[in-house]
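Given next are the chains, with one letter for each unit.
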Amino acid sequence: MNYLITHTKKLLSLVILLALLSNCKDYNDLDPATDDSGDADFTSYVAVGNSLTAGFQNNALYESAQKYSFPNLLARQMNKSESFEQPLISNPGIGSGGRIELTSLDPVATTRNSNQGAPINQDDKPFSNLGVPGAVLVDYMNPKNAGNLKERATDQTNPAFNPFYSLVMEQAELSKSAPNLHNQVAKQNPTFITFWLGNNDVLGFVTSGGEGQSITPAANFTNLYQASAQGLAATGASVMVYTIPDVTNIPFVFYLRTQLEQQGAITFNSSSQSYQLVTENGNFDIYIDVDGNAEVMRKDDFPLLSAQSYFAKVQAGEVQPPVQPSTAIPDELVLDGNLATQDPSDSELERAAAAVAQYNGTIASVASNNNFAVVDINKIFSDIFTTFQSSQGQMGYQTDGLNLRPVPGELFSFDGIHPTNRGAAVIANQSIEVLNNAYNANLDKIDVAKTPEGFPVAN
């Protein structure tokens, strides 16, 4: 159970070949970009966001992946590669728990590289890519240090300390009583801005099984987004914003359960409407911990990708199987649904889904009021996931002769949250499509097939 994806041997051989070849293929080998900006002005492009903007992959931020961050790919199509600066980190990068790397292909197996990379170009601040892994919406304006950004950025004794703030932001800004990302944007006199914040306002809750960071209340999100939009509009730049993906469309939430079913380790009993553990002695209902109470695992309960090692121990006989209320799967490893209680307010899944819907309503409304272009990532990912489901897991996003399924190692990296190089190219192409339509531009799209997969290989 230490592997993530089941492939055929033929496909596995192709994956390792491409992974190794990707280390030899230079970024500049991609098709040259054209310069046709239409009504937009790309003189100074600044990207605002979190780990999805930063180029975070496989649980770490590292240079060989940052080269394929969607803003960097977008800047290249704008012919702004030389002026678009990113806070580069040497391989294997920086990430809690270490970068996820391939160790085997038959079956696909991974390990964590506990080594840490180091900053490469801190003298190049301010950076054009202001994607801060872990950033939340309040960090953009941070009125009166409302998001405690100063403490999270500078106090290493604070449980919420985040080293990425000091790597991305200037020290002069962090020394202020209420530092914020907007000041880092405004000082660069941007003419074009991409803005993708809000994911982490719900994602921390989801990835912790409802036990970690709380969801930003919808009313607070609306106030913060409106304030952010005012700041963005005040720069005079053209602005393109992004919606928040549905939490059930990311592999971190849905993929482990799918994988366990494919392996025959668990099965869904349609009669009892419950999931069961398959054993030599028969099938038994699986129990999950829901706020201290044991409940039977049902159709909208999702064991998270973080539960992978837990199930590996169950299969190895190191942990008691979750077939009794007293041995239920720990709460933090499951995003529970509401079929058992029929009360959405008791469901982690429903609370997260409701927040995403409310956030996206705010984004659409604020963007319309401020004449911002919108890249509807939520719809794009939802359409891909629908295709994946309707094809029994065989099909995903078709582009340039590729079939990229929404699973780790294809559209998503091995952490189940962040896109691969090719996933980032897909996001960049969707951005280009919206940009061309909104600003009468004619930027070339990226040939995704020429974008190396770039899977990190251990040793």
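Right, let's walk through the structure included here. (Residues numbered from 1 in each chain as written. Predicted model: local features only at pLDDT ≥ 70, side-chain atom pairs only at ≥ 80, totals over all residues. Heavy atoms only, no water.)

Some details on the overall build of the protein
Here is step 1: Each helix and strand in the protein was counted, giving 16 helices and 16 strands.
Here is step 2: Here the C-alpha radius of gyration of the protein, 22 Å, is about what a compact globule of 459 residues would show, namely 23 Å.
Here is step 3: Taking the principal axes of its C-alpha atoms as reference, the protein extends roughly 65 × 50 × 40 Å.
Here is step 4: Across the 459 residues that make up the protein, the buried fraction comes to 56%.
Here is step 5: In the protein, of all internal contacts separated by at least 6 residues, the share reaching a separation of at least 24 is 72%.
Here is step 6: Entry remark: accessible area of the protein is about 18600 Å², with carbon and sulfur atoms responsible for 46%.
Here is step 7: Seen as two clouds, the 24 positive and the 47 negative side-chain charges of the protein have centres 4 Å apart. (Helix = DSSP H or I, 4+ residues; strand = E, 2+ residues; numbered from the N terminus. Rg over C-alpha atoms; globule rule 2.2 N^0.38 Å. Buried < 20%, exposed > 50% of the residue type's maximum accessible area, 1.4 Å probe, protein only. Contact = heavy atoms within 4.5 Å. Areas by Shrake-Rupley, 256 points an atom, 1.4 Å probe, with all protein chains shown as cover. Lys, Arg positive; Asp, Glu negative; His and termini not counted. Charge placed at Lys NZ, Arg CZ, Asp CG, Glu CD.)

As for the packing of helix H12 (residues 251-263) against helix H13 (residues 308-315)
Here is step 1: Two elements in contact, H12 and H13, have axes separated by 11 Å at closest approach and are oriented at 25°. It follows from the interaxial angle that H12 and H13 lie roughly parallel. The way H12 lies across H13 gives a crossing that is right-handed. Contact with H12, carried on its side by Leu-256, Gln-259, Leu-260 and Gln-263, involves Gln-308, Phe-311 and Gln-315 of H13 and no other residues of that element.
Here is step 2: Of the residues belonging to the contact of H12 with H13, the class tally is three nonpolar, four polar and no charged. (Axes fitted to C-alpha atoms, helices over the stretch in contact; angles between N-to-C directions. Parallel < 35°, antiparallel > 145°, perpendicular 65-115°, else oblique. Left-handed = near helix turned anticlockwise from the far one by under 90°. Nonpolar A, V, L, I, M, F, W, Y, C, P; charged D, E, K, R; others polar.)

Some details on helix H14 (residues 348-370)
Turn by turn, an α-helix covers 3.6 residues, leaving residues three or four places apart pointing in a common direction.
Here is step 1: With 23 residues, H14 extends 33 Å between its outermost C-alpha atoms, agreeing within 8% with the 33 Å of an ideal straight helix rising 1.5 Å per residue.
Here is step 2: Within H14 the residues assigned to the buried category are Glu-348, Leu-349, Ala-352, Ala-355, Val-356, Tyr-359, Asn-360, Thr-362, Ile-363, Val-366 and Ala-367.
Here is step 3: Between a side-chain oxygen at the N-terminus of H14 and the backbone nitrogen of Leu-349 the separation is 3.3 Å; the capping residue is Ser-347.
Here is step 4: The positive-phi residue at the C-terminal boundary of H14 is Asn-371, with phi of around 60°. (Expected span 1.5 Å × (residues − 1). Polar contact = N/O pair within 3.5 Å; in protein donor to acceptor, adjacent residues only side chain to side chain.)

Some points on the nonpolar core
Here is step 1: One finds Phe-195, Met-240 and Leu-435 to be the most contacted residues of the largest nonpolar core, which totals 119 residues.
Here is step 2: Those residues in contact with Met-240 that sit more than four places away from it in its chain are Leu-74, Phe-192, Ile-193, Thr-194, Phe-195, Ala-373, Val-375, Ser-431, Val-434 and Leu-435.
Here is step 3: Grouped together as the second largest cluster of nonpolar side chains are six residues, Ile-100, Leu-102, Leu-105 and Val-108 included. (Core = buried A, V, L, I, M, F, W, Y, C linked by side-chain atoms within 4.5 Å.)

A few points about helix H4 (residues 70-77)
Here is step 1: Of all eight residues in H4, eight are buried, a share of seventy percent or more.
Here is step 2: Of all the residues in H4, the buried ones are Phe-70, Pro-71, Asn-72, Leu-73, Leu-74, Ala-75, Arg-76 and Gln-77.
Here is step 3: Asn-79 lies just past H4 and shows a positive phi near 65°.

Comments concerning the packing of aromatic side chains
Here is step 1: All told, the structure shown has 20 aromatic pairs when counted by the stated rule.
Here is step 2: Aromatic pair Phe-381 and Phe-412: ring centres 5.7 Å apart, planes at 70°, arrangement edge-to-face. Taken together, the residues Phe-381 in helix H15 (residues 377-390) and Phe-412 in the loop between strand E16 (402-404) and helix H16 (421-439) connect sequence positions 31 residues apart.
Here is step 3: On the basis of relative accessibility, which here comes to 10%, the residue Phe-381 falls in the buried class. (Phe/Tyr/Trp six-rings, centres within 6.5 Å; stacked < 30°, edge-to-face > 60°.)

Points about the packing of helix H10 (residues 200-207) against H14
Here is step 1: Here H10 crosses H14 at 170°, and the two axes come no closer than 10 Å. Of the possible angle classes, the one that applies to H10 and H14 is roughly antiparallel. Of H14, the residues touching H10 (which contributes Asp-201, Val-202, Phe-205 and Val-206) are Glu-348, Arg-351, Ala-352, Ala-355, Val-356 and Tyr-359.
Here is step 2: Grouping the constituent residues of the contact of H10 with H14 by class yields seven nonpolar, no polar and three charged.

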